[in-house]
Amino acid sequence: MSDTVLKSSQFRKEREASWKELQDLVEKIEKKGVKSLDADQLMRLPNLYRFTLSSLSVARGVSLDRNLLEYLELLSTRAYFCIYGVHASFGGTVFKFLFEELPAAVWNARWRILLTTIIMLIAALIAYYLTITNEEWYYTIVSDGMSSGRTPASATEDLRKGLYDGADIEAHELNVFASSLFSHNSSVGMFSFALGFALGVPTIILIFYNGLTLGSFVALYSSRGLGVDVAGWLSIHGTTELLAIILCGAGGLGLAKGMIMPGRKSRLSNLAREGRQAAKIVIGAVLMLLIAAILEGFGRQWITDTSTRFLIGGSMLAFWGAYFGYWGRKICKRQ
């Protein structure tokens, strides 16, 4: 028998009881979670882990046999994840994000959200005024893809039908419609966020353009006496969709803030911090866009009563206000 084998055998004999105890605790945690350990076991766990790391260090230093080294390395790795790893389940992670991280991130970004909202409203008012005074502006502001055939050349009755004849659309057509809307709106939101790296200027331009499109679209219908009708048609999904796009824009401005105003930290460090918060907002915005697409693709087409449309749109707006405003503020006060 070689000296290395003798040394490994003696080394294992002197310490194996502690390794075995750690292994038993690790296996118990892996099967049943940390809560399955009693108070004494919880106290022993970090001590056993440090003892095993020390054993591994010695084993490497005196070049003991490979099998023993691999055993200690694996045991140390498993123990590390049991002590320092993330123990929350997927459901717990989602719950924490939706009920803590997202509303808190949105509340902390409230001033950027207000700024983004003001930019969009100013653009909408400008486009509304231009289009209501001269319908030719509609062709300049609204692209063919966005107009979907709704132009100043359309008859008033055709515009009205577009607001109320959605109930005749087949279910599979609504599904395609909802999917395309979600894809388009998500792209707009993602661009608003991503362009924040360019010091926020493209983000502001994109938000401004979306406001122009909205204002011009509403002006077209208002000029035909359909202002209330189009407002109800838009509200059923717009209170969710527009807020989601505004949140993405605010996330982009957060990235710009991280680059322009790093504060006492380095620009890279501040950008990373702002980026993490902005990413939470954008993930929430994508979920909101999914909800908006469902409302737009199904609910708005099947619900043709204007009062009911306003009720749904107003209820969604009240919900988001309570979720981000009241609950987000409450979470931030706890932190």
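Residues numbered from 1 in each chain as written. Predicted model: local features only at pLDDT ≥ 70, side-chain atom pairs only at ≥ 80, totals over all residues. Heavy atoms only, no water.

**As for the overall build of the chain**
Scanning the chain from terminus to terminus reveals 13 helices and zero strands. Secondary structure elements of the chain occur, N-terminal to C-terminal, as α-α-α-α-α-α-α-α-α-α-α-α-α. Buried positions account for 41% of the 335 residues belonging to the chain. Pairs at least 24 residues apart make up 78% of the contacts formed inside the chain by residues separated by at least 6 positions. Carbon together with sulfur atoms contributes 64% to the accessible area of the chain, which is approximately 18,200 Å² in total. (Helix = DSSP H or I, 4+ residues; strand = E, 2+ residues; numbered from the N terminus. Buried < 20%, exposed > 50% of the residue type's maximum accessible area, 1.4 Å probe, protein only. Contact = heavy atoms within 4.5 Å. Areas by Shrake-Rupley, 256 points an atom, 1.4 Å probe, with all protein chains shown as cover.)

**Remarks on the nonpolar core**
Judged by nonpolar contacts, the single largest core of 26 residues is most densely connected at Val106, Ile113, Leu247, Met288, Trp320 and Phe324. At the level of elements, α4 (90-108), α5 (110-133), α11 (227-260), α12 (267-302) and α13 (306-334) are the ones that each hand at least two residues to this core. Counting residues per element, this core draws most heavily on α11, at seven residues. Excluding residues that lie within four positions of it along the chain, Phe324 makes contacts with Leu102, Pro103, Val106, Trp107, Leu243, Leu247, Met288 and Arg329. Judged by nonpolar contacts, the second largest core, of 18 residues, contains Leu22, Leu37, Leu45 and Ala79. (Core = buried A, V, L, I, M, F, W, Y, C linked by side-chain atoms within 4.5 Å.)

**Some points on the packing of α5 against helix α10 (residues 201-222)**
Packing of α5 against α10 leaves a shortest axis separation of 6 Å and a crossing angle of 40 degrees. Classified by the angle between their axes, α5 and α10 sit oblique to one another. At the point where α5 passes α10, the crossing takes the right-handed sense. Between α5 and α10, the contacting residues are Thr116, Ile119, Met120, Ala123, Ala124, Ile126, Ala127, Tyr128, Thr131 and Ile132 on the first element and Ile204, Ile207, Phe208, Asn210, Gly211, Leu212, Gly215, Ser216, Val218, Ala219, Leu220 and Ser222 on the second. The residue inventory of the contact of α5 with α10, partitioned by class, reads 15 nonpolar, seven polar and no charged. (Axes fitted to C-alpha atoms, helices over the stretch in contact; angles between N-to-C directions. Parallel < 35°, antiparallel > 145°, perpendicular 65-115°, else oblique. Left-handed = near helix turned anticlockwise from the far one by under 90°. Nonpolar A, V, L, I, M, F, W, Y, C, P; charged D, E, K, R; others polar.)

**Quick look at helix α2 (residues 39-61)**
Spacing of three or four residues puts side chains on the same side of an α-helix, whose turn is 3.6 residues. Between its terminal C-alpha atoms α2 stretches 34 Å, which fits the 33 Å expected from 23 residues at 1.5 Å a residue. Maximum bend of α2: about 30 degrees, positioned at Leu45, with proline Pro46 one to four residues after it. Two or three places before Asp40, at the start of α2, stands the capping residue Asp38, its side-chain oxygen 3.2 Å from that residue's backbone nitrogen. (Expected span 1.5 Å × (residues − 1). Bend = angle between axes of the 7 residues up to and from the residue. Polar contact = N/O pair within 3.5 Å; in protein donor to acceptor, adjacent residues only side chain to side chain.)

**Some words on the pattern of salt bridges**
Overall, the coordinates contain six salt bridges when judged by the stated rule. Of the charged contacts, one joins Arg160 and Glu157 as a salt bridge, the two residues approaching to 3.9 Å between their closest N and O atoms. Residue Arg160 and its partner Glu157 are located together in helix α8 (residues 156-164), separated by three residues, close to a single helical turn. When its relative accessible area of 32% is taken as the criterion, Arg160 is described as partly exposed. (Salt bridge = Lys/Arg side-chain N within 4 Å of Asp/Glu carboxyl O.)

**Quick notes on the side chain of Ser216**
With respect to the helices and strands, Ser216 occurs in helix α10. A polar atom in the side chain of Ser216 sits 2.8 Å from the side chain of Thr131. In this structure Ser216 touches Ala127, Tyr128, Thr131, Tyr138, Ile141 and Val142, once residues within four positions along its chain are discounted.

**Let's talk about the packing of α2 against helix α3 (residues 66-84)**
One can describe the packing of α2 onto α3 by two numbers: an axis separation of 10 Å at closest approach and a directional angle of 150 degrees. Taken together, α2 and α3 sit at an angle that is classed as roughly antiparallel. The hand of the α2/α3 crossing is left-handed. Where α2 approaches α3, its residues Leu45, Pro46, Tyr49, Thr52, Leu53, Ser55, Leu56, Ala59 and Arg60 are matched on the opposing element by Leu69, Leu72, Glu73, Leu75, Ser76, Ala79, Tyr80, Ile83 and Tyr84. Within the contact of α2 with α3, the residues separate by chemical class into 13 nonpolar, three polar and two charged.

**Examining α10**
Over its 22 residues, α10 extends 31 Å from the first C-alpha to the last, a length consistent with the 32 Å expected when each residue adds 1.5 Å. Taken residue by residue, α10 has Thr203, Ile207, Asn210, Gly211, Leu212, Thr213, Gly215, Ser216, Phe217, Ala219, Leu220 and Tyr221 as its buried positions.

**Things to note about the packing of aromatic side chains**
The final tally for this structure, using the stated rule, is eleven aromatic pairs. Ring geometry for Tyr80 and Phe81: centres 5.6 Å apart, planes at 80 degrees, overall edge-to-face. The class for Phe81 is exposed, based on a relative accessible area of 52%. Between Tyr323 and Phe324 the ring centres are 4.8 Å apart and the planes differ by 50 degrees, which places this aromatic pair in the tilted class. We classify Tyr323 as buried; its relative accessible area is 13%. (Phe/Tyr/Trp six-rings, centres within 6.5 Å; stacked < 30°, edge-to-face > 60°.)

**A closer look at the confidence of the model for the chain**
Of the residues in the chain, 80% reach a pLDDT of 70 or more, and the chain-wide mean stands at 81. Within the chain, the element-level pLDDT minimum falls on helix α9 (residues 171-194), averaging 58, and the maximum on α5, averaging 95. (pLDDT = per-residue confidence, 0-100.)

**Here's the deal with a nonpolar patch on the surface**
Nonpolar side chains collect at one region of the surface, where Trp111, Leu114, Ile118, Ile122 and Ile126 lie side by side and expose about 500 Å² of accessible area between them. By the secondary structure assignment, Ile118 is in helix α5. The class of Ile118 is partly exposed, set by a relative accessible area of 39%. (Patch = residues over 30% accessible without salt bridge, like charges linked within 9 Å, V, L, I, M, F, W, Y side chains within 5 Å.)

**Here's the deal with the environment of Glu136**
Along the chain, the position of Glu136 falls in helix α6 (residues 136-141). For the pair Glu136 and Thr151, spaced 15 residues apart in the sequence, the C-alpha separation amounts to 9.6 Å.

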